[in-house]
Structure formats: structure tokens, C-alpha cells
Amino acid sequence: MTAEKSCDPSVNEMLQIAKKKGISTVWDRYRAQLPQCGFGESGLCCRNCVMGPCRIDPFGDGPDKGICGATADTIVARNLNRYIAAGAASHSGHAKHLAHVLKKVSAGKAADYSVRDEAKLVAVARRLGFETGGLTVSEVAGRVADAALAEFSEREEPLAWVESTLTGGRLAKFKELGVMPSGIDAAISEILQRTTMGVDADPVNNLLGGIKGSLADYAGCHLGTDLSDILFGTPMPVFSEANMGVLKEKFVNIALHGHNPVVSEMILAAAKEDAVLDQAKEAGAEGINLVGICCTGNELLMRHGVQALTHSVSQEMPILTGALDAIIVDYQCVYPSLTTVAQCYGTKVVTTMGIAKIPGAVHVEIDEENALVKAREIIALAIERFKARKDAPTFIPDVKSSVVAGFSTEAIVGALAKLNAQNPLKPLIDSIIDGNIQGVVLFAGCNNVKVPQDSNYLAMVKELAKRDVLMLATGCGAGALARHGFLTPEATEEYAGPGLKAVLTAIGMANGLGKPLPPVLHIGSCVDNSRAVDIAVALANTLGVDIKELPVAASAPEYMHEKAIAIGTWAISLGIPTHLGVVPPVVGSSLVTSVLTQGAEDILGGYFIVETDPVKAAEALFAVIQKRRGGLNLATRAW
Amino acid sequence: MEKEILVDFDKCLGCRSCEVACAISHSSDKSLLGAIGEKPQKRLFVEQAGKLKAPVTCRHCEQPHCVSACIAGSMQKLPDGTVTNSDTRHKCTGCWMCVMVCPNGVIRRARTDKKAVKCDLQCVDDQGVPACVAACPTKALVFMEIDEFNALKRTKHLAGIL
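Since the model is a prediction, treat every value here as computed from it, not as a measurement. (Residues numbered from 1 in each chain as written. Chains lettered and ligands numbered in written order. Predicted model: local features only at pLDDT ≥ 70, side-chain atom pairs only at ≥ 80, totals over all residues. Heavy atoms only, no water.)

Helix and strand counts for chain B come out as six helices and eight strands. Listed by position from the N terminus, the elements making up chain B come as β-α-α-β-β-α-β-β-α-β-β-α-β-α. Taken against the 2.2 N^0.38 rule, which gives 15 Å for 162 residues, the C-alpha radius of gyration of chain B at 17 Å falls within 12% of a compact globule. Its C-alpha atoms give chain B principal-axis dimensions of roughly 55 × 40 × 35 Å. When the 162 residues of chain B are sorted by exposure, 41% land in the buried category. Sequence-distant contacts in chain B: of pairs separated by 6 or more residues, those separated by 24 or more amount to 53%. Surface summary for chain B: the accessible area is close to 9500 Å², and the carbon and sulfur share equals 56%. Taking the average location of the 23 positive side-chain charges in chain B and that of its 18 negative ones, the two points are 8 Å from each other. (Helix = DSSP H or I, 4+ residues; strand = E, 2+ residues; numbered from the N terminus. Rg over C-alpha atoms; globule rule 2.2 N^0.38 Å. Buried < 20%, exposed > 50% of the residue type's maximum accessible area, 1.4 Å probe, protein only. Contact = heavy atoms within 4.5 Å. Areas by Shrake-Rupley, 256 points an atom, 1.4 Å probe, with all protein chains shown as cover. Lys, Arg positive; Asp, Glu negative; His and termini not counted. Charge placed at Lys NZ, Arg CZ, Asp CG, Glu CD.)

All names here are of chain A. Only one face of strand 3 (residues 238-242) is buried: it carries V238, S240 and A242, and the other face, with F239 and E241, is open. One ladder, built from five bridges, connects strand 3 with strand 10 (residues 401-405); its direction is antiparallel. Residue pairing for strand 10: E241 is matched across the bridge by S402. (Pairing = 2+ DSSP bridges.)

On average, residues of chain B score 95 in pLDDT, and 100% of them reach the 70 mark or higher. Complex prediction metrics read pTM 0.94 and ipTM 0.82. (pLDDT = per-residue confidence, 0-100.)

Where the residue is not glycine, phi is negative for most of them; where a peptide bond is considered, it is trans in most cases. All names here are of chain A. With an omega of -5 degrees, the peptide bond between L34 and P35 qualifies as cis. Within the secondary structure layout, P35 lies in the loop between helix 2 (26-33) and helix 3 (38-42). In the segment running from G52 into P53, the intervening peptide bond is cis, with an omega of 10 degrees. The residue P53 is located in the loop between strand 1 (45-46) and strand 2 (54-55) in this model. Non-glycine residue C333 carries a positive phi angle of around 75 degrees. In this fold, C333 is placed in the loop between strand 7 (324-329) and helix 14 (338-343).

In this section: a nonpolar patch on the surface. Residues and elements named next belong to chain B. Side chains of V20, L32, L33 and I36 sit close together on the surface and give an oily, nonpolar patch of about 430 Å² of accessible area. The biggest single contributor to the nonpolar patch is helix 2 (residues 32-38), with three residues. Tracing the chain through its elements places L33 in helix 2. Judged by its relative accessible area of 73%, L33 is exposed. (Patch = residues over 30% accessible without salt bridge, like charges linked within 9 Å, V, L, I, M, F, W, Y side chains within 5 Å. Salt bridge = Lys/Arg side-chain N within 4 Å of Asp/Glu carboxyl O.)

The subject of this paragraph is the interface of chain A and chain B. A common way to express how large an interface is: the accessible area buried when the components associate. Between chain A and chain B, the residue contacts involve 14 residues of the former and 14 residues of the latter. Of the roughly 1200 Å² buried between chain A and chain B, counting both surfaces, carbon and sulfur atoms make up 54%. Counting the surface chain A buries against chain B, the share from its top three residues, A:P35, A:F59 and A:D61, is 47%. Between chain A and chain B we count two salt bridges in total. The partner of B:K53 in a salt bridge is A:E41, with the nearest N and O atoms 2.6 Å apart. (Buried area = accessible area lost by both parts, 1.4 Å probe.)

A separate point is the nonpolar core. Residue and element names in this part refer to chain A. Of all hydrophobic cores here, the largest spans 186 residues; its most connected members are V144, F443 and L481. With 14 residues, helix 4 (residues 72-106) is the largest single contributor of residues to this core. For F443, the residues in contact, after removing those within four places along its chain, are Y457, M460, V461, L464, M471, L472, A473, T474, L481, S555 and P557. Residues M14, V313, V334 and I358 belong to the second largest nonpolar core, which totals 34 residues. (Core = buried A, V, L, I, M, F, W, Y, C linked by side-chain atoms within 4.5 Å.)

With that out of the way, let us pick up the pattern of salt bridges. Residue and element names in this part refer to chain A. Per the counting criterion, the structure on display carries 46 salt bridges over all chains. Across the pair R116 and E265 runs a salt bridge, and its minimum N-O distance is 2.9 Å. In this pair, R116 sits in the loop between helix 4 and helix 5 (118-128) while E265 sits in helix 11 (residues 261-271), placing the two residues 149 residues apart along the sequence. Between R385 and D325 there is a salt bridge, and its shortest N-O distance comes to 2.8 Å. Of the two residues, R385 is situated in helix 15 (residues 371-389) and D325 in strand 7; the sequence distance between them amounts to 60 residues. Pair check on accessibility: R385 and D325 agree, each one buried.

What follows is the structure, given as C-alpha cells:
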């Protein structure tokens, strides 16, 4: 029964408690939703105007057009585009927020924030084509912030964060297809116009608009990564832990959930202040224990080694330990059910963003000018709750894994430089050429209640590791692997094939680790999927090929969010075949389905592989890698 | 031959339009907007078992367990075959014997009264077509004679194998 819900033993312990106490969880609500509507599942429901709602009969035995005349292909393509637009709006909303903060920092108007990584600031400025010599840090920061904000304006030039980060081949392809976005918000609102009633009825034309929207999402992601690195530091390798065992009974336990380090970094800063720690001690706590959920948890893990509590579908579960004093959230991926589950325990759910409120939560709005003040206020709420539960029993599962994280592009290059200082990419390229690393697979995405939590990730990583495939991971995918011990040197010892093990050991030893690197490198939050692109672009440029020739692939084995659909679409647009472990709501249109899974390969070099069986999925990705190796005249292997 | 409510299991998409239509037909207003305040109750249930989605309806059995079990004599089989306790001679007393013996689990408790409610086929239109069938967008629910239903099935089967 619980094996159907989650592979995570701490989650299963909490599910027993939920059952005993009659607390409804995401899994209960999913069951109550079954059966889910097949029109929705196939993408054949259109609610874009009030003449509807319309449905196309997938069996060809009923209406084959909506009232306005839209066919199944049109409806499915338009629905897909709206997902992409929403995903792009989310990533770029996060990026935009960071850009505003950087702008205020450069003008001296946000004293709680600063440029922590000047080297990254200069690198980004130079990449954008600015001369930085003779300018102060504030001036450079102002220029970069202005360039970032300009990405959201109306203009004719291509997005700088697309044009300055991709290969010439990709840029030429996008211009040829007419999908190069000139403004992030422009691309998003263009999709909304294109898909509203009576605009773009051509399904393939719609898909091209979706690709443009996904490139706007890519720009937003890269922007988010760059600006977070500038403001909060570029991640370097860090050791930490993951899973519910990181909660500490005698500490004030505070979970940071959501996405933007703009908020979570402030809570972290406040929690280290003596006055705040004194407050906690006066309440009888031994200290304050910050832990992370979802992407903001990843941001803090990558930069500061803050432990990861849980991710995605299991986000309600830590409340049931009784030890979680507060969950502080900003935006995206936060289940509104948290306040209901928290009711039974008094855990304070605190919302901090004006656009992201939840009934039942306490709202303490944080903006750049008052960030630390509000952060202290919020921590005080958590301390209050600790006082109330101080001697009550807690049920913290004794489950946690060690984690190695912090693999920004800079960190990876830095680690490789210990093997070859002049040409750090050479050891990686040589390993790919000689086959010790067959190729690279990036794991991204969420947990989806439709899949037993983590099961697809775990099965796929094992199959690929033993076949010498190097893996990267982001977001809740990295979280899944973190909680099950795959982000450790021990996982390399246990699961990696001989070639992969040799390479990871060489890098680990050269860097003084005394052990191999993990078989999966945690490269960050979901916006940090852009880091993987930087690595792919560097490899492609060095080898003189385009990304679509590289033996690389991506996988979203348990995705659910619109953001994941946006990222998946830019991944295939960049020429990276991308596996989806959950069937996307496009199957109602054979045209759209075939373009996404086959036609895209000819047009873009990347395409979607939809496969719900994780072992078959791993096999499909391995086949992609082998085909690409063959294309580069490298030795290939059988499965 | 009389017509029956039959299900083509390949066609149910789980959209629950049948449930909504059934509920609305049992409201005083008979329209969605009007019915929303009233909260009328559906009498058929779309369920999922493994990959199969299907509506589960009262079968208006020929030897209805619910009629036999009814201690008040409220549940009856009408001359036209309908099994119902609506507008019958004796009042339902809420003993729940019918609930306990129904093999399909399609008799439920009224929202406010202590009475059993079930499919009563009072929803039929002027062609005699029940509301759930009329609402089904994929013809998973059909109202037809068994001979016709079988003929269609046989033809489809042959077309599939020839």
C-alpha cells in the first residue's frame, strides 16, 4: 500500500501517522480525484472562451471540432503553449525579482543585500559585452541589472541571455525557424494572445510559438542562476545531509520552501544573528535549525550546505513529525494543503510574497527594503511555536543521507582543472572519447503523485550509472537522489561502472576528497538547469559541433509542473533528447504527439521520449547516447 | 424489446458528465446554475479500477435484493421494470437494508433526510432517454436494446479482426 505512494522510508513512517490521525494527504486527495477526466488527460478540453467548454471525442465518434472550428490538433497545441507560458512566467518572475534586487543594490537602496560574487558579476558583464575596466562594482552591477530588466522590455533585438549563452548553431537555427524571442514578457504574452479564441489555429505554428516561449523560459532560468550567483555567491562543492532525520527535536526547526533565495538567504542571515539565537535559547531551544524544501532549499544547500528536509510530493509529511516549527514560503510548488495539515500541529506556515498567499497561513510580506527586519519577525513566530511544543513528543524518522552538492559550472570546471589546469574540459572530453564516460544525462523535475515517489529516478540512475553514464541533477530530482544517498562517493563505489568510477575517482583524488565524486552531480535548483546548458555549450564549442551532436540527454521522470514542461521544451529545442516519465496531456492530437516525439528531431535535433517504465526509459536514453557517439565516430556499446 | 442503460467500457473517459447530469435532473431547478445552491445528489458513480474507468449504475435487477430487503415496503419494482423507492406507496424508513444488500453499492443516503436515494429513472426525457446517457460525450453510456448493443459489438469485433 505505502510502497505505491513513496519509496522514501521517512515518508512511509509519516504516512502511518497520517493514517492513525486521519490526516488527509496528497495521496488521499489524488485517490479522490480518480478517475481523472480523459478529455483533460489527452489535452482535448478547451476552456479558452465562453462559447465552450468544448471537448473533442478522442474516439472519433463525436464532435471533431470545437464550436469555433478548432480541431484536436489546434486545441492540444494551444493548451501546451499555455503551460509553457505559465512556466516561463514563473521562472522569469523569479529572475525579474532578482534583477530588481540587484538594481536596488547597485543604487544603494537594499542594504540587506550585496554583490557577494564580484568575479561572477564581471564574468556576466563581459559575456554580455560590457567593458568593466574602471567601473565600480556598483556601476557594473547597475549595468547588469539594467540589461536583465531590459530582457523584459519591448524591442527588436534577440534576448541577450539567449544570444550570449548558446552555440552559433543554435542561434542560427532559432533565427531560421523564426523563434528567437526578443522579450521575455513579450514571448509569454504573445502565447496568451496566440492561444486565445480566434488567433492561431495552425497547430505547427502554435508549436513554434511554444518553442519561442520556452526559449524565453530558458533566458529566465539563466538569468535566475546568474543573478543568484552574483548576489549570493557561486556554489562550490559542499557537504550536507538530506531527509527528515535532519530535524532536531531540541532546536527551532524552520523549513524554507519555494524558490527565490531573495527570501531564504535573509532568513538564513537573520537566524545567525546573536540576538535571534538568544531569543531561541530563552525559549529553551539549543539553537535554530534551518532546513530546505524544494528549490529554495536547493539554493541554500548549494551555497551554504543547508540540509534538505524533503521535496515536492512529500512536502506535507515533515509537519507530522511534530518537530517542524515553521514553514516559510515564497512562491511556486507550495501546496495550499500545508495549512490544513499544519493545523493539527500548530506549525506556522508563513507566506512572504504578495502574489502568493494561502488561506490559513500567516502573511509577513518581505520586500528588499525590510528583508532582515521581517526575517527576524518570522523567526520569532517559529520560536513562539517551539515554546508551545517544547516538551511534547516528536516523531522524527531516523532517516537521512549524506549529500555532496554545490556543483556549479565553475565548481565542475575548477575540479577538472585539478587534472588539467590549462584545459580543464580536456579530461572530461577525453573520458567521453575513450568511453569511460559514455555520455551525460541530466535529471530534472518534480515528484508526481501518479508515480510512487522517487521510484523512476532510483531505477534510472542505477541503470545508467552501471553503464558509465555521468549524471547531473537539479530541483526535486536532485532532491530525490539526495534523500536516497545517490549524491555520495559511496554511491559511485556501489553503482558506477568501471569507466565512470575511474573518472570520478581521478577527479575526487585530484581534489583532495580521498574518494570519488558522486555518480550524480547536484548542479542546483530548477533555474540552474541553465548550468547544464553552459557545460553542454562549452563541450560543443570545444569539439566544434552543436549541442545536437553531443552524447547528452535529459530526463524528467516524475515531472508535474508547467515549469517542467517549459524546461523540457527548451531542452529539446537545444537539441537534447528529453525523456518524460509521465504521459503529457497531448495524446489527443496525433499530429502534436508525432511532432514532439519524432518531427522535432529533424527540425531541432532534440525530441521527447515518453516512457513510463523507468528501465525502458534508461534504455532509450542509453540508445540516444550511443547513436550520438556513433555520429561522432566514437566507440559504441550495447545495452 | 425494452431498452437498457448499457456501458461500453472502452469509451469511458472518466469525465463525470453523467454524474453531473444525474444530479441536476434530481434538482428542483433542473439547471446547473439553479442546482448549485441546492446540492442535488448523483445516483451513479464513475469509478476507476486499474486502468479501467467506468460508470457504475443501478441495474434495476429482475430479482432486486433491495426490494426483498426493504422492511418498509418502500422499495418497489414498477411495472415498467424500474426499481425505486421514490413516490411509492410506503415511506422509506432509513433502515439501510437496501444499502447493505445492493451488490453494486449504488444506493446512498439522502443529504439531509434519513432516507435511501437511488437511480429512479425519473430523469428521462421525452424520448425516454435517461439524463446520464444523454450527457455522455463519448457514448460510453448508451440506452439501447440489448440486441442492438450486441450487434454493434459484433460488427466492431469483426471489423477489428478482418
